[in-house]
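# Architecture and fold: a report
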Amino acid sequence: MTDTVTPIELHDPATFAAGIPHDLFASLRAAAGLTRSPDVDGTTGFWSVTRHADLVQASRDLETFSSAVGHIQIYDIDADALDARASMIDMDPPMHTRLRRLVSSAFTPRHVQAYRAAVRTRIRSVLDGFEGNGGGDWVSAVAKPIPIGVICDLMGVPSEDHSYLVELSDHLVAGTGAEPLEPTAYGNTTDLRLLPFNSPAAFAMSEYATALGAERRANPVDDLISDLVTAEIDGERLTDEEFANFFRLMIFAGNETTRSSMAHLALHMHRFAGEFERVRADRSLLAPVTDEVIRYSSPILYFRRTVTKPVTLSGTELAVGDKVVLWYAAANFDEQVYVDPLAFRADRPPTPSHLAFGGGGAHFCLGASLARLEVAELIDEILDRDLSFDDVGEPEFVESNFVNGIEHLRVSL
């Protein structure tokens, strides 16, 4: 084991203020065994998993590395907060499997292909407006409205509410930053420690979900919300709280990962213009460059697991209750797996696969096929329009140690 990293480096969102700290993660990958960050600011220490093989091993051993025990983020929360916050992503099989099965058919590669035309239409509409204005804030004008529109349409959220859910999703991420949030924002009356991300936006999203769920129970239609509120698990329907937690997860996960990849896309097209010229000339490269965009962006920096029985990982002995943080943003640049990992390559081989959607196993990202489709269609449409990304400003990153997001990015056309 090694203990060379100061706690502030991985606890403090400022560490990620300019994006992925590649030098820091390279030093952790080079260290023998796992690296442990000690206790700090009332949060117990944790082990960092930064190598590709180690992360895959931990991700697929759900009996030893649990999502249900402890918490899926670095900081500690009380037992009653665990119960109050629990959604599918905070569970282990078999309950995780039962919940995932409720919606998994809508996200299979075959079903996702049926959404292609609608996704492309939405992308064209958004880019029409962006071009018409001569550019602007790429994030707010392009990266935000596309994925939230797609997932909301799929779930059955009215179009007039899409911008409100973008706002709430933004506020959820703000809960992973260093600045405290106003406890009573959005009319919140719940103790923040009981809310995901310690954010009052979680309360507002639950209130919205509960009202929409009640409407769909009374008047079901052909959408995912109606499917969820009428579905049964072991003969029982989801409670209002269970449905609200499920809804919040679907909106956040179905929006945030794709949005961050799309936000970074403008930077990649600016910095690696030659690679995208290769794709323009040879569209068979569209699939590999899409995965390279997602790998290089690594939208979700980490998830945490908790050890349930003694185990050795990468030569490091772990005890019951130890916190293990799976740094996807580190493993996606593992020198032992990727040739010249910091190079952006439009033709990077598909194997070994990147870990931006997780390390495999039961918690592999449900919406991976949909995210790939959205990013690929956006790239394809940009290339069809011959848009130039020569004039791109400096990105303003989201202040978070959880999401590798961009808040603002000026692009002039």
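It should be emphasised that the depicted structure is a prediction, and the values quoted were computed from it without experimental measurement.

Reading the values: the criteria
- Residues numbered from 1 in each chain as written.
- Predicted model: local features only at pLDDT ≥ 70, side-chain atom pairs only at ≥ 80, totals over all residues.
- Heavy atoms only, no water.
- Pairing = 2+ DSSP bridges.
- Helix = DSSP H or I, 4+ residues; strand = E, 2+ residues; numbered from the N terminus.
- Salt bridge = Lys/Arg side-chain N within 4 Å of Asp/Glu carboxyl O.
- Buried < 20%, exposed > 50% of the residue type's maximum accessible area, 1.4 Å probe, protein only.
- Axes fitted to C-alpha atoms, helices over the stretch in contact; angles between N-to-C directions.
- Parallel < 35°, antiparallel > 145°, perpendicular 65-115°, else oblique.
- Left-handed = near helix turned anticlockwise from the far one by under 90°.
- Contact = heavy atoms within 4.5 Å.
- Nonpolar A, V, L, I, M, F, W, Y, C, P; charged D, E, K, R; others polar.
- Core = buried A, V, L, I, M, F, W, Y, C linked by side-chain atoms within 4.5 Å.
- pLDDT = per-residue confidence, 0-100.
- Patch = residues over 30% accessible without salt bridge, like charges linked within 9 Å, V, L, I, M, F, W, Y side chains within 5 Å.
- Areas by Shrake-Rupley, 256 points an atom, 1.4 Å probe, with all protein chains shown as cover.
- Lys, Arg positive; Asp, Glu negative; His and termini not counted.
- Charge placed at Lys NZ, Arg CZ, Asp CG, Glu CD.
- Phe/Tyr/Trp six-rings, centres within 6.5 Å; stacked < 30°, edge-to-face > 60°.
- Lys NZ or Arg CZ within 6 Å of the ring centre and 35° of its normal.
- Polar contact = N/O pair within 3.5 Å; in protein donor to acceptor, adjacent residues only side chain to side chain.

Moving on, we get to the sheet that holds strand β4 (residues 135–137). Sheet architecture is open: three strands sit in the order β4-β14-β11, paired in antiparallel fashion. The sheet terminates laterally at β4 and β11 (391–392), the two strands that pair on one side only. Two elements, β4 and strand β14 (residues 410–412), share three bridges in a ladder whose sense is antiparallel. By the bridge assignment for β14, G135 is matched with S412.

Glancing now at the pattern of salt bridges. This structure, assessed with the given rule, holds 37 salt bridges. The residue R385 makes a salt bridge to D128 at a minimum N-O spacing of 2.8 Å. Here the residue R385 occupies a position in helix α17 (residues 368–385), and D128 occupies one in helix α7 (residues 116–132), the gap between them amounting to 257 residues. Residue D128 is classed as partly exposed on the basis of its relative accessible area, which comes to 47%. Between R280 and D386 there is a salt bridge, and its shortest N-O distance comes to 3.1 Å. Taken as a pair, R280 in helix α14 (residues 273–281) and D386 in the loop between α17 and β11 lie far apart in primary sequence, 106 residues in all. On the basis of relative accessible area, R280 is assigned to the partly exposed category, the value being 23%. Judged by relative accessible area, D386 falls into the exposed class, the value being 54%.

Glancing now at the packing of helix α9 (residues 145–155) against helix α10 (residues 162–174). Axis separation between α9 and α10 bottoms out at 10 Å; the angle between their running directions is 115°. One way to sum up the angle between α9 and α10 is to call them roughly perpendicular. Every pair of crossing elements has a handedness; the one defined by α9 and α10 is right-handed. Contacts between α9 and α10 involve I148, G149, C152 and D153 from the first element and H162, L165 and V166 from the second. When grouped by side-chain class, the residues that make up the contact of α9 with α10 number four nonpolar, two polar and one charged.

It is worth spelling out the nonpolar core at this point. In terms of nonpolar packing, the biggest core is built from 123 residues, with F107, W138, L165, F247, W327 and L378 touching the most fellow members. Sort the elements by how many residues they give to this core and helix α13 (residues 240–271) lands first, with 14 residues. Leave out the neighbours within four places in its chain, and W138 touches L127, F130, A143, M262, A263, A266, L378, I382, F389, L409 and V411. The next biggest cluster of nonpolar side chains, apart from the first, holds five residues, and it includes I294, F357, A368 and A371.

Low-confidence regions, as indicated by low pLDDT, have predicted coordinates that should not be scrutinised in detail. For the protein, the mean per-residue pLDDT works out to 91, and 98% of the residues sit at or above 70. Below pLDDT 50 for its whole length, residues 1–7 participates in 18 contacts with residues either more than four positions away or in separate chains.

Attention now goes to the pairing of strand β10 (residues 323–327). Counting buried residues along β10, five of its five residues qualify, which places the element largely inside the surrounding structure. Residues K323, V325 and W327 point to one face of β10 and V324 and L326 to the other, with burial holding for every one of them. As paired elements, strand β2 (residues 46–49) and β10 share three bridges and run parallel to each other. Its bridge partner being in β10, S48 is matched across the sheet by V325. With five bridges connecting them, strand β7 (residues 302–307) and β10 associate as antiparallel partners. When the bridges of β10 are listed, F303 appears paired with L326.

Moving on, we get to a negative patch on the surface. On the surface, D83, E232, E236, E241 and E242 cluster together into a patch of negative charge. On the secondary structure map, E232 appears in strand β5 (residues 232–233).

Taken in spatial order, the five strands line up as β1-β2-β10-β7-β3 in an open sheet, and their pairing is mixed. Whereas interior strands pair on both sides, the edge strands pair on one side only; in this sheet they are β1 (35–37) and β3 (65–66). Strand direction decides the pairing type here: β3 and β7, joined by two bridges, are antiparallel. Paired with F65 across the bridge in β7 is V307. The strands touched by helix α3 (residues 52–60) within the sheet are β2, β3 and β10, with β10 carrying the most contacts at an inclination of about 125°.

A few words on the packing of aromatic side chains. When we look at a pair of aromatic rings, we describe it by the centre distance and by the angle of the planes. Applying the stated criterion to the full structure yields 20 aromatic pairs. Pairing F197 with F402 gives two aromatic rings, centres 5.8 Å apart and planes at 55°, and the pair type is tilted. Taken together, the residues F197 in the loop between α10 and α11 (200–218) and F402 in the loop between β12 (396–397) and β13 (406–408) connect sequence positions 205 residues apart. For F402, a relative accessible area of 2% gives the class buried. Taken together, the ring pairs in this structure connect F16, F25, F197, F252, Y302, F303, W327, Y328 and F402 into an aromatic cluster. Between R295 and the ring centre of F333, over which it is positioned, the NZ or CZ distance is 4.9 Å. If you follow R295 out to its NZ or CZ, it ends over the ring of Y338, 5.2 Å from the centre.

It is worth spelling out the side chain of R248 at this point. Tracing the sequence through the fold places R248 in helix α13. For the buried R248, no salt bridge exists, and the shortest N-O distance to an oppositely charged side chain is 6.8 Å, to D90. At a separation of 2.5 Å, a polar atom in the side chain of R248 contacts the side chain of N245. Residues within four places of R248 in sequence aside, it is in contact with R85, L172, P196, A202, M205 and S206.

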